[in-house]
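Understanding the architecture of this molecule
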Amino acid sequence: MATSAGRARTALSAFAVIWCAAGALTLITAYECSSIFHPSSLYYAVVLWGWWGFVACALWKIGEHKPFLSGFSARSILLHAGAAAVLGYAHLVGLWSLGFMGLGWYAGFDKWKAFHALLCINRFGIEVLVYGFVFGLIGIVQYQLHAQRERIRSLELERQLSAAQLRALQMQLEPHFLFNTLNAITTLVELGRQEEAVEMLAHLNTILKSTLKRTTPEKVPLWQEMEIVENYLAIEQVRFADRLRIEIKVEPSALDSLVPCFLLQPIVENAIRHGIAHCESDGIVEASARRDGNLLRLEVRNNGLRGGTPSRPGNGIGLKNTRERLIHFYRDAFDMQAAPLDAGGFQVAIAIPYERR
């Protein structure tokens, strides 16, 4: 429906251009013959260029419905060469016939001598050349329009595929997070820690309200992303109590920068699952964000196990998915480093372009 409407608008625009050009040529021809106010000159010019206006409109419509006829293949050129000869001859016959309709074009001339004078090889050649010019111009314009439509269609398909892929990544993250949180709440209930379970449910409710408002995976202000992280960390603080200490440092100038939604939460979750969960005490998770010129730098680190590695090493869904989503949003314009720290623990550092809505 939208494509048909777009093509109709394009055709109307093309017809308007064609008739504006035909009108301008009509006035120029009438002026050169005698005057634009001289009926005979004006009538001749109207017939001369009005004919080619109709031919141009017909070629445009034919090109839309039969694209191969607006191309420059051998078959198409042969067909148009025949059409040029027939239409050129018909045009000259029409001009000759109109000369005897009281306009006095051929006064004192024998009508057949006038016909042969008009239908000379030079005039016929001009008719064929004009047809070829009109056909070539319309063919080039329609080829460009067709190529542009194909590019737009290709970009739209790429966008839809990319959005579908990103949504699949997002759906992979959110149930993973939800499952872990509900599992933690179940554990608290089984241990008889109902108040803490209720507190965790309240934080989970806040997170779900925020994420369910989003119909598509998108970029959000960093302050909005930090709300999710803070609520998630509040849930984990209930689970780990004194075993977990949280430090968040965000520069005010970075708060309004845009980041992919759900960017930091899986990284923080990784820091806790693969680091703090193995600490008997003094587990620390640090998250920081700062603007560095045209870049936004984000870091998440944990102290983890000193002198050893977690019993369940690996990046899991979180880091792999995060890297894929960063590639989707920024292609090569980002940097992500994930590596153990010499003093123990693990750090993820991300640098992305600084953007504001």
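Check the entry above for the structure.
The paragraphs below set out a description of the structure included in this document.

Take the side chain of Glu225 next. Along the chain, Glu225 turns up in helix 7 (residues 222-240). A relative accessible area of 0% means that Glu225 is categorised as buried. For Glu225, the side chain forms a polar contact with the main-chain nitrogen of Leu263, separated by 2.7 Å. Ignoring anything within four residues of it in the chain, the contact list for Glu225 reads Val220, Val259, Pro260, Cys261, Phe262, Leu263, Leu264 and Gln265.

Attention now goes to the pairing of strand 7 (residues 346-353). In terms of burial, strand 7 is a largely internal element, six of the eight residues being buried. Of the strand pairs in this sheet, strand 6 (residues 335-340) and strand 7 are connected by six bridges, and their pairing is antiparallel. Counted as the bridge partner of Ala339 is Gln347 from strand 7. In sequence, strand 6 turns back onto strand 7 through a hairpin of five residues, with Gly344 there showing a positive phi of about 105 degrees.

It is worth spelling out the packing of helix 7 against helix 8 (residues 265-273) at this point. The N-to-C vectors of helix 7 and helix 8 enclose an angle of 20 degrees; their axes lie 9 Å apart at closest approach. Looking at the two axes, helix 7 sits roughly parallel to helix 8. In the crossing of helix 7 with helix 8, the sense of the turn from one axis to the other is right-handed. On helix 8, the residues that touch Glu225, Ile228, Val229, Tyr232, Leu233, Glu236 and Phe240 of helix 7 are Gln265, Val268, Glu269 and Ile272. A breakdown of the residues in the contact of helix 7 with helix 8 according to their chemical character gives seven nonpolar, one polar and three charged.

This part covers the pairing of strand 5 (residues 295-302). Looking down a regular strand, the side chains alternate between one sheet face and the other. The side-chain alternation of strand 5 yields one buried face, formed by Leu296, Leu298, Val300 and Asn302, and one unburied face, formed by Leu295, Arg297, Glu299 and Arg301. Two strands pair when backbone bridges link them, and strand 4 (residues 283-292) and strand 5 are joined in this way by eight bridges, in the antiparallel orientation. Pairing of Arg291 across the sheet is with Leu296, part of strand 5. Note: strand 5 against strand 7, eight bridges, orientation antiparallel. Following the sheet pairing, Asn302 is matched in strand 7 by Phe346.

Definitions and cut-offs
- Residues numbered from 1 in each chain as written.
- Predicted model: local features only at pLDDT ≥ 70, side-chain atom pairs only at ≥ 80, totals over all residues.
- Heavy atoms only, no water.
- Helix = DSSP H or I, 4+ residues; strand = E, 2+ residues; numbered from the N terminus.
- Buried < 20%, exposed > 50% of the residue type's maximum accessible area, 1.4 Å probe, protein only.
- Polar contact = N/O pair within 3.5 Å; in protein donor to acceptor, adjacent residues only side chain to side chain.
- Contact = heavy atoms within 4.5 Å.
- Pairing = 2+ DSSP bridges.
- Axes fitted to C-alpha atoms, helices over the stretch in contact; angles between N-to-C directions.
- Parallel < 35°, antiparallel > 145°, perpendicular 65-115°, else oblique.
- Left-handed = near helix turned anticlockwise from the far one by under 90°.
- Nonpolar A, V, L, I, M, F, W, Y, C, P; charged D, E, K, R; others polar.

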